[in-house]
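# Understanding the architecture of this molecule
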Amino acid sequence: MRIKSPWLCWKILINKEGMPTKILDHKRFATKIKEVDDCSIQEAAKFLQQGELVAFPTETVYGLGADGLNAEAVKKIFIAKGRPQDNPLILHIHNLQWLGKLGYVAKDSLFLAEKLWPGPMTMVLYKKDLVPDIVTANGDTVGIRMPSHPVAARLIDAADTPIAAPSANVSGRPSPTNAQDVFDDLNGKIPIVLDGGDSSIGIESTVIDMSQKPYTILRPGYYTKEDFELFVDEVQYDKSILKEGEIPKSPGQKYKHYAPKATTVAYVGTSDEKFQKMNQSAKRKRTGVLCFEENKEKFPAAKEILVMGKSSDVESMAHHLFRYLREMDKRQVDQILVEGLPEKGIGIGVMNRLRKACGGKVKIFES
Ligand code: TXA
Ligand code: MG
């Protein structure tokens, strides 16, 4: 299939030091949201092979992909997202043969891969020379994941290369969980968004550092410490995940993240005082509330209310959180108040995202 050439090219600008710098013109493409079929998958794979970016669905969140073995293509990811250069990218693969080509795989890593892939787990391993330095931000380890979304698998297979892909949002914004959210952030910067419907999980993969013992969860997610410990010994959470103020081991965890435009505050607990405080705050500003099903009548002062599911259903909260933060921005509220959960199991991953969306503004009440 012939790919139409993009209508604008690279721009050459002169930087502060008087040197020419090449930047990607952000109005370069007429971005299309494409329904998934053999034709659109082939078209997207061709773009990847030609060194362009393509957004695609995964079971966690949508990814912004480039050919992971092409350093020039990977550079475009950092430009399109406005992503700090010291934040490494995950390589997405669709079969285990690639694992050994990209990283040094010990017995435990292979066992985890066989048990938990395809799925929402990213393993950090020592990298092999095939992996370009830009992917690992010049580090000696690489993050590798085999997504379970069939469209992601078909795309990686068709492109016949590992796909480097961060979440397909502009850096700092909540990760996109559907094609429209990607379009809202990246319209004009990429040729294609493959539309695979809503991401089922809704928060990004669990990142586990398998390069040394004890194995360390660098970013919590759907798979928990307990899930990993079914298969390997000695798994711990990075200290920064359970305790505020610690410096995270993973570069990506130190940045401001997942933040909607409106000021966001989390309220955890079930006491009457919590609901009183939320309503008092909601009276002062145009407020959107993300709440649990059983509490939806408790926010008379809120202008907008979106229900994330029952408080007992952590997976439903994960599924809805990013999407509803973005939805509240569209509804132009001044602040978003979100009910939080105890930090247990998947709740650790969900609260990790919510804490970052709130810039640490989390109020704890009695339960
Ligand atoms: O679910 C996901 O993981 C999604 C989908 C698209 O696969 N991707 C994603 O990528 O969330 P990104 O770039 O938004 O987040 C990757 C995280 C960052 O926190 C990054 O610092 C960390 O993984 N990471 C990647 N490579 C690493 C490495 N070699 N060592 C430590 N952390 C790494
Ligand atoms: Mg991200």
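Higher on the page you've got the structure.
Residues numbered from 1 in each chain as written. Chains lettered and ligands numbered in written order. Predicted model: local features only at pLDDT ≥ 70, side-chain atom pairs only at ≥ 80, totals over all residues. Heavy atoms only, no water.

### Looking at helix α6 (residues 179–186)
Convention followed: In this scheme, a residue with accessible area under 20% of its type's maximum is buried, one over 50% is exposed, and one in between is partly exposed, where area comes from a 1.4 Å probe on protein chains only. The helix count covers DSSP runs of H or I at least four residues long, the strand count covers runs of E at least two residues long, and both are numbered beginning at the N terminus. Think of it as the arc spanned by the lines of direction from the helix axis to the C-beta atoms. We call two residues in contact when some of their heavy atoms are within 4.5 Å. Residues adjacent in sequence count toward polar contacts only when both atoms are side-chain atoms; beyond that, a polar contact is any pair of N or O atoms within 3.5 Å, and within protein one must be able to donate a hydrogen and the other to accept it.
All buried positions along α6 are accounted for by A179, D181, V182, D185 and L186. Burial along α6 is one-sided: seen end-on, the buried residues are contained in an arc of 160°. Where the residues of α6 are buried, they touch β3 (32–35), β4 (54–56), β5 (63–67), α2 (71–81), β10 (192–195) and α10 (314–330). Between a side-chain oxygen at the N-terminus of α6 and the backbone nitrogen of Q180 the separation is 3.2 Å; the capping residue is N178.

### Some points on the nonpolar core
Soluble globular proteins: nonpolar side chains tend toward being buried together. Basically, it comes down to this: Here the nonpolar core consists of buried residues drawn from Ala, Val, Leu, Ile, Met, Phe, Trp, Tyr and Cys, with membership extended through side-chain atoms lying within 4.5 Å.
With 47 residues, the main nonpolar core has L112, W117, M121, M123, I208 and F228 as its most contacted residues. The dominant element in this core, judged by the number of residues it contributes, is α2, at 5 residues. If we skip the residues at most four places from it in the chain, I208 touches L112, M121, T122, M123, V124, Y215, T216, I217, F228 and V235. Membership of the second largest hydrophobic core comes to 29 residues, among which are A262, M317, Y324 and V333.

### Here's the deal with the packing of α10 against helix α11 (residues 346–357)
Condition: Helix axes are fitted only over the stretch in contact, all axes being lines through C-alpha atoms; the angle between N-to-C directions runs from 0 to 180 degrees. With respect to orientation, any angle under 35 degrees is reported as roughly parallel, any angle over 145 as roughly antiparallel, any angle of 65 to 115 as roughly perpendicular, and every other angle as oblique. Crossing handedness is read from the near helix: turned anticlockwise from the far helix by less than a right angle, it gives a left-handed crossing, and turned clockwise, a right-handed one. Side-chain classes follow a simple rule in which Ala, Val, Leu, Ile, Met, Phe, Trp, Tyr, Cys and Pro form the nonpolar group, Asp, Glu, Lys and Arg form the charged group, and the remainder, Gly included, forms the polar group.
Remark: α10 packs on α11, axes separated minimally by 9 Å, with the N-to-C direction vectors making an angle of 20°. Classified by the angle between their axes, α10 and α11 sit roughly parallel to one another. Handedness of the α10/α11 crossing: left-handed. Residues V314, E315, M317, A318, L321, F322 and L325 of α10 form the contact with α11, whose participating residues are I346, G347, V350, R353, L354 and A357. Among the residues making up the contact of α10 with α11, the classes are represented as 10 nonpolar, 1 polar and 2 charged.

### Brief notes about helix α9 (residues 272–284)
How we decide: Multiplying 1.5 Å by the residue count of a helix minus one yields the expected span of that helix.
With 13 residues, α9 extends 19 Å from end C-alpha to end C-alpha; this agrees with the ideal 18 Å at 1.5 Å per step. Of all the residues in α9, the buried ones are K274, F275, M278, N279, S281 and A282. Angularly, the buried residues of α9 cover 165° about the axis, an arc narrow enough to put them on a single face. With respect to the buried face of α9, the exposed residues turned more than 90 degrees away are D272, K283 and R284. Contacts made by the buried residues of α9 are with β14 (263–268), β15 (287–291) and β17 (335–340).

### Quick look at unusual backbone geometry
Here W117 and P118 are connected by a cis peptide whose omega angle stands at -5°. In this structure, P118 sits in the loop between α4 (107–116) and β7 (121–126). Here the residue pair K213 and P214 is connected by a cis peptide bond, since its omega of -10° sits within 30 degrees of zero. Looking at the secondary structure, you find P214 in the loop between β11 (206–209) and β12 (215–219). Unlike most non-glycine residues, D160 shows phi in positive territory, near 55°. Mapped onto the secondary structure, D160 falls in the loop between α5 (150–159) and β9 (163–164). Exposure remark for D160: the relative accessible area of 55% places this residue in the exposed category. The backbone of Q332 shows a phi angle near 55°, a positive value even though the residue is not glycine.

### Regarding the sheet that holds strand β18 (residues 362–364)
What counts, and what does not: Whether two strands pair depends on DSSP finding at least two bridges between them.
Pairing in this open sheet of 5 strands is parallel, and the strands run β16-β15-β17-β14-β18 from one edge to the other. Every other strand in the sheet has two partners, leaving β16 (304–307) and β18 as the edge strands with one partner each. Strand-to-strand twist across the sheet, computed as the mean angle between neighbouring axes with direction ignored, equals 20°. Of the pairings in the sheet, the one linking β14 to β17 comprises 6 bridges and is parallel in character. Its bridge partner lying in β17, T264 is registered against I336. In the packing of α10 onto the sheet, contacts are made with β14, β15, β16 and β17, and the angle to β17 comes to roughly 170°.

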